[in-house]
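# Structural description and commentary
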Amino acid sequence: MTQIDAEAIPTVAIDFMNEDHQEAVELLNLLLEALAEGTEGEVTSSLQNFYVHNREHFAREEEQMLRVNFPPYGCHKGEHDRVLAEIKQVIERWETDTDRAALLQYINGTVLDWFMNHINTMDTVTAMFISQQSA
Ligand SMILES: [Fe+2]
Ligand SMILES: [Fe+2]
């Protein structure tokens, strides 16, 4: 089973965001582990943990964006909302079909691509803006 390398995750200018992103990698690796050798129940709870983590992490980023009046707030929040809705749908699908191959493909493909891309673009710009406002 291939694990995600936490050191491959780009860093941004705000510490709490980096810490949250590292935690996301840990949760994704637990999910991959559960998918490889865990029960269906373990996969479901790992998936739910990942969903809750994202909901809380996104809320923290959004709170900071509002605090500093980040102009593209709506655009960044829109991406967060879209991804949360997507993960929710994937959880429902998993609970119906328990298709491990499909879920693995979603994590290794869609989620990882999104995660790297989102950090490299919206999170990087947002963190830079927040750190300049706070300075
Ligand atoms: Fe983030
Ligand atoms: Fe974000």
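Scoring rules and cut-offs
- Residues numbered from 1 in each chain as written.
- Chains lettered and ligands numbered in written order.
- Predicted model: local features only at pLDDT ≥ 70, side-chain atom pairs only at ≥ 80, totals over all residues.
- Heavy atoms only, no water.
- Helix = DSSP H or I, 4+ residues; strand = E, 2+ residues; numbered from the N terminus.
- Contact = heavy atoms within 4.5 Å.
- 1 Å grid on protein atoms, 1.4 Å probe; cavity = no way out; pocket = protein on both sides within 12 Å on 5 of 7 lines; lining within 4 Å.
- Points joined across faces, edges and corners; volume = space filled by probe spheres on them.
- Nonpolar A, V, L, I, M, F, W, Y, C, P; charged D, E, K, R; others polar.
- Axes fitted to C-alpha atoms, helices over the stretch in contact; angles between N-to-C directions.
- Parallel < 35°, antiparallel > 145°, perpendicular 65-115°, else oblique.
- Left-handed = near helix turned anticlockwise from the far one by under 90°.
- Polar contact = N/O pair within 3.5 Å; in protein donor to acceptor, adjacent residues only side chain to side chain.
- Buried < 20%, exposed > 50% of the residue type's maximum accessible area, 1.4 Å probe, protein only.

### With respect to the environment of Asn-29
Tracing the backbone through its elements, the reader meets Asn-29 in helix H1 (residues 15-37). Separated by 23 residues in the primary sequence, Asn-29 and Ala-6 place their C-alpha atoms 9.6 Å from one another. Contact partners of Asn-29, with chain neighbours within four places excluded, come to Gln-3 and Ile-4.

### Focus on empty space enclosed by the protein
Counted under the stated rule, the structure contains two cavities of 30 Å³ or more. When its volume is computed, the largest cavity comes out at roughly 50 Å³. Along the walls of the largest cavity sit Asp-20, His-21, Ala-24, His-53, Asn-54, His-57, Phe-58, Trp-114, Phe-115, His-118, Ile-119 and Asp-123, which together make up its complete lining. Elements represented by at least two residues in the lining of the largest cavity include exactly H1, helix H2 (40-67) and helix H4 (100-134). For the lining of the largest cavity, the element with the most residues is H4, which contributes five residues. Broken down by class, the residue content of the lining of the largest cavity amounts to five nonpolar, five polar and two charged. Volume-wise, the second largest cavity comes out at about 30 Å³.

### Description of the packing of H1 against H2
The N-to-C vectors of H1 and H2 enclose an angle of 165 degrees; their axes lie 9 Å apart at closest approach. Our classification of the angle between H1 and H2 gives roughly antiparallel. Crossing handedness for the pair H1 and H2: left-handed. Where H1 approaches H2, its residues Phe-16, Met-17, Asp-20, His-21, Glu-23, Ala-24, Leu-27, Leu-28, Leu-30, Leu-31, Ala-34 and Leu-35 are matched on the opposing element by Glu-42, Val-43, Ser-46, Leu-47, Asn-49, Phe-50, His-53, His-57, Arg-60, Glu-61 and Gln-64.

### Topic: the side chain of His-57
Tracing the sequence through the fold places His-57 in helix H2. Only 2.7 Å separates the side chain of His-57 from the side chain of Asp-20, close enough to count as a polar contact. A polar side-chain atom of His-57 sits 3.1 Å from a polar atom in the side chain of His-21. Other than its neighbours up to four places away in sequence, His-57 contacts Met-17, Asp-20, His-21 and Asp-123.

### Remarks on the side chain of His-53
Considering the arrangement of structural elements, one finds His-53 in helix H2. A relative accessible area of 4% places His-53 in the buried class. Ignoring any residue separated from it by four or fewer positions in sequence, one finds His-53 in contact with Asp-20, Glu-23, Ala-24 and Leu-27.

### Some words on the packing of H1 against H4
Remark: H1 packs on H4, axes separated minimally by 11 Å, with the N-to-C direction vectors making an angle of 175 degrees. As summarised for this structure, H1 and H4 are arranged roughly antiparallel, according to the angle between their axes. Together, Met-17, His-21, Ala-24, Val-25, Leu-28, Leu-31, Leu-32, Ala-34 and Leu-35 of H1 and Arg-100, Leu-103, Leu-104, Ile-107, Asn-108, Val-111, Phe-115, Ile-119, Asp-123 and Ala-127 of H4 make up the contact between the two elements. Residues of the contact of H1 with H4, tallied by class, amount to 15 nonpolar, two polar and two charged.

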